[in-house]
Amino acid sequence: MDVTDTSQQASDRAQELKRFEESKLGVKGLLDSGLTSLPPLFIHPPETLSSLKPARPTPGSIPTVDLSGCDSARRPSVVAEVGCAARELGFFQVVNHGVPQEVLDRTVAAVKAFHEQPAEAKARIYRRNLETGVSFLSNVDLFLSKAASWRDTLRIRLGPKLADVEEIPEVCRNEVLEWNQQVQRLGGILLGLLSEGLGLSPGKLQELMCLDSRTIVGHYYPYCPQPNLTVGLTSHADPGVITVLLQDQVGGLQVKRSDGWVDLTPVPGALVVNIGDILQIMSNDEYKSVDHRVLANPSREPRVSIAVFCNPRDHENQFGPFPELVTSDKPAAFRQFTLNEYMRRLFSKKLEGKNLINYFRA
């Protein structure tokens, strides 16, 4: 292929991206228009597609932690389970977390209802920036990635300053506000357990206001006509402190382990918790932030997942490994940095792998 062909391909892709973005349809809108095969901008390169196979059956590969009694005599046992999962896998599911099943069901149903509105209802808030605190878009890294992924997303800023409530779509407004309260309560419990798992005081992560900056993303993965040619979400690690994920029962989330990809099979009533890059850094590599991905959805039933990303509030503060976790035997694995520097680096890159955290290694 000569330079002219490559240049023409780049030009064609740029035009295709522009048309898709300006349509404000998202992938759900494309599907509703009668599309039966993938547009070229969604087709991923062979190096991505070659590893896209259903994971081998590995029951119990992602541990489920029972949080009941975590403020009683059971607490040391729960701390040990959470700490072990955070060190070895970076992912775990939690049950008996205090969120009623009807709240879980209502939240999923409300986010699904938003995405299944007519395209013109969603187009009003289709935007890349989050200045108003609310945006609907397809692929946060659309203009940076090698290929687009088959999903749409509703993003809402929950803290430190909640989005204008009137901007939150009415079809899911009450449910989002209720979910915000539930995540703040549960997040406090999780941060306490994770702090103790590092041998620190229960309030250590809370003191850094690690729950104050929160964003909710409601992903919608509609049926994909050619799931072997694309992905729902490319392999990446989460950048923050922790992520709390509510998912329906459709499945498709996979976690990377040393011996390959494993399915994170939904457990009814459970929530998924995973460690973000910031917490891996603060733990001085004790806890692991691991790559995960979502396969394109081959099912006629759409997949819905709702993630809340939790981050520290102070973007000018210096972050790095906790001094208590740095010793002569285990020196600091990462340098100090501000969250402003971290976020600039994050948003200049496509959503991919562990490039971000490795940039800050000592």
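For the structure given in this document, a descriptive report is provided here. Chains are numbered independently. Their residues run from 1 in the order of the written sequence. Per-residue local features of the predicted model are confined to residues with pLDDT of at least 70, and side-chain atom pairs are confined, for both listing and counting, to 80 or more; whole-chain, interface and lining totals are unaffected and use all residues. Heavy atoms from the whole structure form the basis of all side-chain values; hydrogens and water molecules are not counted.

1. Topic: the overall build of the chain
Right, so step 1: Strands are runs of DSSP state E lasting at least two residues, helices are runs of H or I lasting at least four, and both sets are numbered from the N terminus onward. Looking only at helices and strands, the chain features 11 helices and 14 strands.
Right, so step 2: Against the globule reference of 21 Å for 362 residues, the chain gives a C-alpha radius of gyration of 20 Å, in line with a compact fold.
Right, so step 3: With the C-alpha coordinates aligned to their principal axes, the bounding extent of the chain is approximately 60 × 50 × 45 Å.
Right, so step 4: When contacts within the chain are restricted to residue pairs at least 6 apart in sequence, long-range pairs at least 24 apart make up 77% of them.
Right, so step 5: A total of about 15,700 Å² of accessible surface is found on the chain, and carbon and sulfur atoms cover 53% of it. Put simply, the radius of gyration uses C-alpha atoms, and a globule should come to 2.2 Å times the residue count raised to 0.38. Any two residues having at least one pair of non-hydrogen atoms within 4.5 Å are treated as being in contact. To measure how exposed things are, a 1.4 Å probe is used in the Shrake-Rupley method; for residues, cover is taken only from the protein chains shown.

2. A word on the pairing of strand β5 (residues 213-221)
Right, so step 1: Counting buried residues in β5 gives 8 out of 9 residues, a clear majority hidden from the surface.
Right, so step 2: One ladder, built from 7 bridges, connects strand β4 (residues 152-159) with β5; its direction is antiparallel. Bridging from a neighbouring strand, R157 pairs with T215 of β5.
Right, so step 3: A pair of strands is labelled paired if DSSP reports no fewer than 2 bridges between them. Pairing of β5 with strand β12 (residues 303-311), which is carried by 9 bridges, proceeds in the antiparallel orientation. Directly across from Y220, in β12, lies its bridge partner V304. Relative accessibility under 20% of the residue-type maximum defines a buried residue, over 50% an exposed one, and the middle range a partly exposed one, all with a 1.4 Å probe and only protein chains included.

3. Quick notes on the sheet that holds strand β11 (residues 292-295)
Right, so step 1: Reading across from one edge, β6-β11-β8-β9 is the order of the 4 strands in this open sheet, with antiparallel pairing throughout. Of all the strands in the sheet, the pair left with one neighbour each is β6 (231-236) and β9 (260-263). Put simply, the sheet's adjacent strands are angled 30° from each other on average, direction ignored.
Right, so step 2: Sheet analysis places strand β8 (residues 253-257) next to β11, joined by 3 bridges and oriented antiparallel. Bridging across to β11, V255 finds its partner in H292. Fitted lines through C-alpha atoms give the axes, limited to the stretch in contact for helices. The angle between two N-to-C directions lies from 0 to 180 degrees.

4. Overview of the environment of L279
Right, so step 1: Considering the arrangement of structural elements, one finds L279 in helix α9 (residues 277-282).
Right, so step 2: Judged by its relative accessible area of 0%, L279 is buried.
Right, so step 3: Apart from the residues lying within four places of it in its own chain, the contact partners of L279 are L194, L205, G240, V241, I242 and Y287.

5. A short note on helix α10 (residues 339-347)
Right, so step 1: Within the sequence span of α10, burial applies to L339, Y342 and M343. One face of α10 carries all of its buried residues, which in axial projection span an arc of 95°.
Right, so step 2: Buried residues belonging to α10 abut α9, β12, β13 (318-319), β14 (337-338) and α11 (355-359). What the arc covers is the set of directions going from the helix axis to the C-beta atoms.

6. Points about the packing of aromatic side chains
Right, so step 1: Each pair of aromatic rings taken from Phe, Tyr and Trp, with Trp reduced to its six-membered ring, is defined by centres within 6.5 Å and is described as stacked if the planes are under 30 degrees apart, edge-to-face if over 60, and tilted in the remaining cases. Tallied over the full model, the rule gives 8 aromatic pairs.
Right, so step 2: Summarising the aromatic geometry, the rings of F20 and F42 are spaced 5.5 Å apart at their centres and angled 85° between planes, so their arrangement reads as edge-to-face. Note that F20 is positioned in helix α1 (residues 3-23) and F42 in the loop between α2 (26-32) and α3 (46-49), a separation of 22 residues in sequence. One exposure class covers both F20 and F42, and it is buried.
Right, so step 3: Site record: aromatic cluster; members linked through ring pairs are F337, Y342, Y359 and F360.
Right, so step 4: Note that R293 overlies the ring of W261, its terminal NZ or CZ placed 4.0 Å from the centroid.
Right, so step 5: Only Lys NZ and Arg CZ are tested; either one counts as a charge over a ring when it is within 6 Å of the ring centre and within 35 degrees of the ring normal. The ring of Y359 is capped by R345, whose NZ or CZ atom sits 3.8 Å from the centre of that ring.

7. What about the sheet that holds β4?
Right, so step 1: Strand order in the open sheet formed by 8 strands is β1-β2-β10-β7-β12-β5-β4-β3, with mixed pairing between adjacent strands. The outermost strands of the open sheet, each flanked by one partner alone, are β1 (64-66) and β3 (134-137). Averaged over all neighbouring strand pairs, the angle between strand axes comes to 25°, with direction disregarded.
Right, so step 2: The strands touched by helix α5 (residues 101-115) within the sheet are β3, β4, β5, β7 (242-247), β10 (271-275) and β12, with β12 carrying the most contacts at an inclination of about 105°.

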